[in-house]
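What follows is the residue order along each chain.
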Amino acid sequence: MLRDLRFAVRSLLRSPGFTAVAIATLALGIGANTTIFSLINGVLLRPLPYHDPDKLVALDLMSGRSQFPWSYPMFEDVRRDQRSFESVAGFSTWSGNLTGVENPLRLQVELVSASYFPMLGIEPALGRVFRPEEDREPNGHPLALVSYRLWREQYARDPGIVGRTIHLNQLPYTVVGVMPPGFRGQTDDIDIWIPITMAPSFYGIPRRLTNAWTFWFRVYARLKPGVSLPQASFQMAPLAKAIDVAHPHPNEMKPWQVRANSLTEAKTDPALRKSLMIMFAAVGFVLLIACVNMANLLMSRSVSRQKEVAVRLAVGASRGALIRQFLTESVLLGLAGGVAGFFVAAYGIDLATALRPEASGNFWAFYSRSVKAESVQLDGYVLAFNIALSILAGVLFGLLPALQASKLDLNQALKNVTGGWSAKWSSLRRPNSRSVLITGEMALALVLLAGAGLMIESFARLLKTRIGATTDHVLTASVSLPLRQYSPEAAVRFQQQLLGRLEAAPGVQHVSVSNCLPARGDEVTMMRTGEGKEWAAVGARSVSPDYFALFHIPLLRGRLFGGHDQAGAPKALLLTETAARHLFPGEDPIGKHVELQIWDTGEQVAEVIGIVGDVRYDGIERPPGDDVYVSYWQYPYGADVAVRTAGDPMSLAPYVRSAIHALDKDLPVYGVETMDRKLVDSTSRLRFSAVLLGVFAALALLLAAIGLYGVVAYSVAARTREIGIRLALGAKREDVFKLVVGDGLSLCLAGLVIGVPSAVAATRVLSSFLYNTKPGDPIAFAAVSVLLVLVALMAAYIPARRAMQVDPMVALRWE
Amino acid sequence: MADGAVPLIHLEGVTKVFVTDEVETHALAGIHVDINKGEYVSISGPSGCGKSTLLAILGLLDTPTDGTYILNGKPVSGLKMQERARIRNREIGFIFQAFNLIGDLTVYENVELPLTYRGTPGSERKKLVHEALEKVGMSHRVKHYPSQLSGGQQQRVAVARALVGSPSVLLADEPTGNLDSANGEAVMDLMRELHRNGATIVMVTHDPRYARFADRNIHLFDGRVVEEKMEVV
Ligand SMILES: Nc1ncnc2c1ncn2[C@@H]1O[C@H](COP(=O)(O)OP(=O)(O)OP(=O)(O)O)[C@@H](O)[C@H]1O
Ligand SMILES: [Mg+2]
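Keep in mind that this is a model prediction, so the values were computed, not measured. (Residues numbered from 1 in each chain as written. Chains lettered and ligands numbered in written order. Predicted model: local features only at pLDDT ≥ 70, side-chain atom pairs only at ≥ 80, totals over all residues. Heavy atoms only, no water.)

Secondary structure summary: chain B contains seven helices and ten strands in total. Relative to a compact globule of 233 residues, whose C-alpha radius of gyration would be 17 Å, chain B shows 17 Å and is just as compact. Across its three principal axes, chain B shows a C-alpha extent of roughly 45 × 45 × 40 Å. Out of the 233 residues in chain B, the part that is buried amounts to 55%. Pairs at least 24 residues apart make up 68% of the contacts formed inside chain B by residues separated by at least 6 positions. Roughly 10400 Å² of accessible area belongs to chain B as shown, and the carbon and sulfur atoms make up 49% of that amount. Where the 25 positive side-chain charges of chain B centre and where its 29 negative ones centre are 7 Å apart. (Helix = DSSP H or I, 4+ residues; strand = E, 2+ residues; numbered from the N terminus. Rg over C-alpha atoms; globule rule 2.2 N^0.38 Å. Buried < 20%, exposed > 50% of the residue type's maximum accessible area, 1.4 Å probe, protein only. Contact = heavy atoms within 4.5 Å. Areas by Shrake-Rupley, 256 points an atom, 1.4 Å probe, with all protein chains shown as cover. Lys, Arg positive; Asp, Glu negative; His and termini not counted. Charge placed at Lys NZ, Arg CZ, Asp CG, Glu CD.)

What follows deals with the packing of aromatic side chains. Residue and element names in this part refer to chain A. As enumerated under the stated definition, the model contains 30 aromatic pairs over all chains in all. Aromatic pair F91 and Y116: ring centres 6.1 Å apart, planes at 50°, arrangement tilted. Separated by 25 residues along the polypeptide, F91 in strand β3 (residues 85–99) and Y116 in helix α4 (residues 116–120) bring together distant segments of the chain. For F91, a relative accessible area of 1% translates into the label buried. Assessed through its relative accessible area of 0%, Y116 is described here as buried. (Phe/Tyr/Trp six-rings, centres within 6.5 Å; stacked < 30°, edge-to-face > 60°.)

Another point: the sheet that holds strand β1 (residues 9–20) of chain B. All names here are of chain B. Strand order in the open sheet made by the four strands is β2-β1-β4-β5, with antiparallel pairing throughout. The strands lining the two open edges of the sheet, one partner per strand, are β2 (23–35) and β5 (74–75). Inspection of the sheet shows strand β4 (residues 66–71) paired to β5 by two bridges, in the antiparallel sense. Note that in β5 the partner of L71 across the bridge is K74. (Pairing = 2+ DSSP bridges.)

What follows is about the environment of P585 of chain A. In this structure, P585 of chain A sits in the loop between α19 (577–583) and β18 (593–597). Residues P585 of chain A and R222 of chain A lie 363 residues apart in sequence; the distance between their C-alpha atoms is 48 Å.

On to the packing of helix α2 (residues 16–45) of chain A against helix α13 (residues 380–406) of chain A, then. All names here are of chain A. Contact geometry of α2 with α13 gives a least axis separation of 10 Å together with a crossing angle of 145°. In this structure, α2 crosses over α13, and the sense of that crossing is right-handed. Across from L26, I30, N33, T34, F37, S38 and N41 in α2, the residues of α13 making contact are Y381, V382, F385, N386, L389, S390 and F397. Residues that form the contact of α2 with α13 fall into these classes: eight nonpolar, six polar and no charged. (Axes fitted to C-alpha atoms, helices over the stretch in contact; angles between N-to-C directions. Left-handed = near helix turned anticlockwise from the far one by under 90°. Nonpolar A, V, L, I, M, F, W, Y, C, P; charged D, E, K, R; others polar.)

Turning our eyes to something else, we now look at the sheet that holds strand β7 (residues 169–173) of chain B. Residue and element names in this part refer to chain B. Spatially, β6-β7-β8-β3-β9-β10 is the arrangement adopted by the six strands of the open sheet, whose pairing is mixed. Strand pairing shows two members of the sheet lacking a second neighbour, β6 (92–95) and β10 (224–230), which therefore form its edges. Across the sheet, the mean angle from the axis of one strand to that of its neighbour is 20°, orientation sign disregarded. Along the sheet face, helix α1 (residues 51–58) touches β3 (40–44), β6, β7, β8 (200–204) and β9 (216–221) and points at about 155° away from the line of β7.

Our focus in this paragraph is the domain arrangement of chain A. Here chain A is partitioned into domain 1 (2–39 + 273–462 + 686–813), domain 2 (53–266) and domain 3 (481–667). Relative to domain 2 of chain A, the C-alpha centre of domain 1 of chain A lies at a distance of 53 Å. (Domains from an automatic or database assignment.)

Among the 14 residues in the neighbourhood of ligand 1, the closest are listed as S47, G48, K51, S52 and T53 of chain B. Chains contributing residues near ligand 1 are chains A and B. Take G48 of chain B: an N or O atom from its main chain is 2.8 Å from an oxygen atom of ligand 1. When the free accessible area of ligand 1 is taken as 630 Å², the share hidden by the protein chains comes to 66%. Elements supplying a minimum of two residues to the shell around ligand 1: β1, β2 and α1 of chain B. No other element matches α1 of chain B, which puts three residues into the shell around ligand 1. Of the residues that constitute the shell around ligand 1, the class distribution is three nonpolar, eight polar and three charged. (Near = heavy atom within 4 Å. Polar contact = N/O pair within 3.5 Å; in protein donor to acceptor, adjacent residues only side chain to side chain.)

What follows deals with the side chain of Q154 of chain B. Residue and element names in this part refer to chain B. Locating Q154 in the fold gives a position in helix α5 (residues 151–163). In this structure Q154 comes out as buried when scored by relative accessible area, which is 16%. Reaching out from Q154, the side chain makes a polar contact with the backbone oxygen of L149 at a distance of 3.3 Å. Not counting residues within four places of it along the chain, the set of residues in contact with Q154 comprises F99, L101, P146 and L149.

Pasting the structure below:
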């Protein structure tokens, strides 16, 4: 064995060109696999960073098929009556302004039950967490925990932070501890934790804890030892019934259900999981192609090593010994490729994490298990995978050549008769292992190309999608007014002053403030079109009058908001085209009155004053929904300021900051970027899949081209004599050129014949990722087929040129 | 003979110099040869004297370094590749020592090859291929691959391939070199038969027995013609 190894090293070093090509090929194939495995390892396999995470569940409150956040009274009922869980904890996330530091900061705050930290098994780095008695009394314990990051960056790791008072939305909180490094709450961006019972003062909404119909937080629980998830789910039914009884719903509503889901599942984005699995299959294809190339390379090499093999056999080596010798060499190559692949993976991971698809975290699903540089790393598991895959690849591509080479006909090889053993490999006309392998390689490449083509087409269509608003030359910034400090009247006053200042800036054409931006609106409210009608969920967009002009949203009927649609005046409402069609089928909605339950303000009546064009608020890829607009001067909620300028919008950023700080120096300004930049973020998920699949398809294409080139070039070399004869018989140079290119092309076409139907079948798994593109899209398929043929032509071109240079004199020579 | 005055092949002062690694090999040093239509010429001489080189130049596989080559009244030494391929295809039939059949093609396809490059229509190709195979007595083996034939049979197929396009001249480089004497005998009989029916043949051979079949023998030594003698038939 050791001798085999020593010989293998020597033999590889003797042909450095071959070894370099082999290692490069394998590095690409194994590197791509290592990259995707490290993503899977970091996103899907790594356990949640909590104590005994398998026992953790998310409790979801459902009515029919709609999921609701919890209301505090319902949560208290369940917490009191349940028997399946060791502990139950609620939490909610909101942003808050931290003042009293050098620059006021906009931070994410998590409001949590006291049981939250012990349940997750999180110990503070400093101080203590909240005590059970500290989350009982509304507004009773203004305490805070800070993140390690905040402690390091704002308080210079001062241990004296414990006991100090900080100001959050102008309210004092006493810091009792510092969280360990890396722990950033459920949304991975939290810097401050406060007891959930501080909600009324924090939000400025007194009835937050007592109103059973205010839904605002989520609930996790830890299973008791010996209780399984299905058992716990089963025991939720009576609790849900008890909620129905305790809090009879004023309107028609489906009965409550409480669903227990594994927390690990709940935190995994199913779309990301699927796309990673597809990528895994894709890189598997890439590696297969690399292995086919390797097998072909080794077969060409073993032809030139016939003499060596013959001599070994002649001196009595057994076939097994020969196979072992060959496999040692190929596994050694595999491992060398694996080492190089590890470095390729380091680059691959950089690319993947740079493309990080924006975690699609919304209130319902905090997909914390996302592609993040912190979790996607080359760790021990990845290394083990890399080594195992390298060995597997080495055996895979080495086996066939080893079997072939050891089957050598001794008599013929020693006689060295032309047209014997080696000629069998040279021909591409009649099927042999080489041409079958290359055909398979072409087919695999086509499948990958088709997949990538469809994703790229989808991405292109997504980028071209009209979202119903014009977004160039728009700067956006967010400024959130603490409710406690800014009454609705004060908020309106502030924003009107701010808009006034911004309008005065040079080059500014329109300014607006709103709770939404195109492709970014998630506020939902219940609305009905009259007494006794059904309540429907609609997107609630609160905008100042100039919003429509700013984003070029057309008015279709009626009128837009004016300065007079203010507090005190009758409530005015605009419908989008889609909302008008759905909510008032066959009717003219203008002048009709609707009822709204909006922003804890209770039921309100508003009059429909107009209809405007649709805008995609739920991301670019979703069709427009039922959206209604209310006047920001009547509902001053939301913090998104938009400015349309004649010139470069970013040049206005300092002006916007200073305008805000001139009005209130304690308000943090955040999210200052162009509207177009924000839209790029919302295409990031499709971009992630499209770019990675594109890279893998390009790799596959490159490797397939190299493979085809290798096989055609080898066949030209082995058929030099035949080509000479043909020339001697009067073949023109073009005839020879066509002969060689035709050989290459026929392999490619055979690959297409197998590849196209396979790709049609395989790309069906992509359908849920595609945007306005069908899995069997003929344009994409035609494009990638043409691409494959062109590349095959290019790969065959070089050897064909060489074939044209063959000297017909070889026909006369007799070696 | 009506065109007796104009020889089919006229070589004048043909030289060939190979330059490899600064070493100049004068393979041919001023060859003057005329070959008439219908003649059977044998070329002999010791190994390395330039026989194959001469045959390659005659067959337009190679160009002379210097000198004139007139084939069928047309100077051909300065022609372009394209034109040389055309002439090779129409005027020349090659028979090689190593048979040089293409292993991937059947007997039929091998014989058909020169016609394919000429662009002869399919039905006519079929007729000509069968006639040629008939002449060499191989018409019963059309579907076989070369590897399924004996050496003598392979060479007969190669002869059929050489004459299928009715070339002006058949060039053979030691056609019996790879054959045992019985098979060699048979191939030589075939050549004689073709000659009797009017073919022009130029054949390189070491074997004095076969050289005697020719009308004329050209003896080369060190790239020069040292002896030309007519055989008495
Ligand atoms: N391509 C070439 N490059 C360099 N030298 C060459 C080349 N072809 C032939 N020669 C040399 O030219 C001379 C004549 O070669 P040629 O093949 O014509 O000899 P030959 O008479 O056919 O010999 P044989 O009877 O052995 O076949 C030899 O010295 C040979 O080494
Ligand atoms: Mg010779």
